[in-house]
Amino acid sequence: MIEKIVSNKNNLQILHEDNHIIVINKRVGDIVQGDKTGDKPLSEIVKEYIKEKYNKPNEVFLGVVHRLDRPTTGIVVFAKTSKALERLNKMFSERETHKTYWAIVKNKPPKNNDILIHYLKRNEKNNTSKAHLKEVPDSKKASLDYTIITELNSYFALEINLHTGRHHQIRAQLQAIGSPIKGDLKYGFERSNPDGGIHLHARKLNFIHPVSKEELTIIAPVPNDVIWNAVSNQIV
């Protein structure tokens, strides 16, 4: 099990790196891949880090395997070789990876643990997804399970395992049960966080290394804030 951060002058939080993959602990506000904002994406920052570290004279290859929402933190995997990219893409699309998230909510969910099944319909105009209890046109089935792992003074920390990978799935499904994520204005929380992020963290990823076939379990330390630190201290 890997839970470490390698610091560097690019200010990247590197959780794991080898010849074929690099795993980053994404910060609030980072975009994984370039978008219409024109902001510098995490993929470019990682490329610069690789180019400088290994003194590469030519263009650096880096494959984006999956994404996290901009206000979300935690594990992001990049491929450093085309062989790794092809195999990782297959693994992620066929759900041969296991993702665990942590989320902070103010409203206690109806049950201490449960499986949530909804049908999500995406709204491209405002970049949201709405969770329905029954199938509606153009909706996709979404499933996850959650467990309340600790209770704080005013909040509850949930551990969430995804069974499907839908757009804004955790955010929409938690809103649907009346427990929006702290700071998530888009999905019903009453106020934003000072840093513009939300308290949703891609905490753990289990997968088979695409080349070495070694089983990897990577854990991303939570962001340094009062609530996350309280959760981390109680769980460890």
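*Asks:* When you look at the overall build of the protein in this model, what are you seeing that I'm missing?
*Replies:* A tally of helices and strands in the protein yields four helices and eleven strands. At 18 Å, the protein has a C-alpha radius of gyration in line with the 18 Å of a compact globule built from 236 residues. In terms of overall dimensions, the protein has a C-alpha envelope of 55 × 40 × 35 Å along the principal axes. Just so you have it, the protein exposes about 12200 Å², and 46% of that area is on carbon and sulfur atoms. Each charge sign in the protein was given a centre, from 36 positive and 27 negative side chains, and these centres are 2 Å apart.

*Asks:* Before we go on, may I ask you to explain the packing of aromatic side chains in this structure?
*Replies:* Any two aromatic rings considered together are summarised by their centre-to-centre distance and by the angle between their planes. Within this structure, the stated rule accounts for zero aromatic pairs. Its guanidinium or amino end placed over the ring of Trp102, Arg203 lies 4.3 Å from that ring's centre, counting from NZ or CZ.

*Asks:* Which parts of the structure should I look at to understand empty space enclosed by the protein?
*Replies:* Remark: the empty space left among the atoms is shown by a probe the size of a water molecule rolled over them. All told, the structure shown has one cavity of 30 Å³ or more when counted by the stated rule. Its boundaries defined by the atoms lining it, the largest cavity holds a volume of some 60 Å³. If you trace the largest cavity, you find it lined by His66, Leu68, Ile75, Lys99, Thr100, Tyr101, Ala202, Lys204 and Leu205. Taken together, the elements giving at least two residues each to the lining of the largest cavity come down to strand 5 (98-105) and strand 10 (200-208).

*Asks:* What is the right way to look at the layout of surface pockets in this model?
*Replies:* Estimated volume of the largest pocket: approximately 1400 Å³. Grouping the constituent residues of the lining of the largest pocket by class yields 14 nonpolar, 15 polar and 18 charged. Taken as a whole, the second largest pocket spans an internal volume of roughly 160 Å³. Contributing to the lining of the second largest pocket are 15 residues, with Asn193, Asp195, His199, Asp225 and Trp228 lying nearest its centre. Take the lining of the second largest pocket: its biggest share by element is three residues, from helix 4 (residues 226-235).

*Asks:* Explain the nonpolar core here, please?
*Replies:* Among soluble globular proteins, nonpolar side chains are generally buried collectively. If you look at the biggest cluster of nonpolar residues, it comprises 51 residues, and the most contacted ones within it are Val46, Ile75, Phe78, Leu88, Ile160, Ile170 and Leu174. Those residues in contact with Ile170 that sit more than four places away from it in its chain are Tyr101, Leu144, Ile160, Leu162, Ile181 and Leu200. Counting residues in each nonpolar core, the second largest holds ten residues, with Trp102, Leu152, Ala157 and Trp228 among its members.

*Asks:* Got a minute to help me understand helix 1 (residues 42-53) in this structure?
*Replies:* One turn of the α-helix equals 3.6 residues, which is why residues spaced by three or four share an orientation. If you check helix 1, its first and last C-alpha atoms are 16 Å apart, about what twelve residues at 1.5 Å a residue would give, namely 16 Å. Considered for burial, the residues of helix 1 that qualify are Leu42, Ser43, Ile45, Val46, Lys47, Tyr49 and Ile50. Against the buried residues of helix 1 lie strand 1 (14-17), strand 2 (21-26), strand 3 (63-64) and strand 4 (73-79). Downstream of helix 1 by a residue or two, Asn55 has a phi angle that is positive, lying close to 55°.

Conventions and cut-offs
- Residues numbered from 1 in each chain as written.
- Predicted model: local features only at pLDDT ≥ 70, side-chain atom pairs only at ≥ 80, totals over all residues.
- Heavy atoms only, no water.
- Helix = DSSP H or I, 4+ residues; strand = E, 2+ residues; numbered from the N terminus.
- Rg over C-alpha atoms; globule rule 2.2 N^0.38 Å.
- Areas by Shrake-Rupley, 256 points an atom, 1.4 Å probe, with all protein chains shown as cover.
- Lys, Arg positive; Asp, Glu negative; His and termini not counted.
- Charge placed at Lys NZ, Arg CZ, Asp CG, Glu CD.
- Phe/Tyr/Trp six-rings, centres within 6.5 Å; stacked < 30°, edge-to-face > 60°.
- Lys NZ or Arg CZ within 6 Å of the ring centre and 35° of its normal.
- 1 Å grid on protein atoms, 1.4 Å probe; cavity = no way out; pocket = protein on both sides within 12 Å on 5 of 7 lines; lining within 4 Å.
- Points joined across faces, edges and corners; volume = space filled by probe spheres on them.
- Nonpolar A, V, L, I, M, F, W, Y, C, P; charged D, E, K, R; others polar.
- Core = buried A, V, L, I, M, F, W, Y, C linked by side-chain atoms within 4.5 Å.
- Buried < 20%, exposed > 50% of the residue type's maximum accessible area, 1.4 Å probe, protein only.
- Contact = heavy atoms within 4.5 Å.
- Expected span 1.5 Å × (residues − 1).

That's the geometry; what it means functionally is another story.
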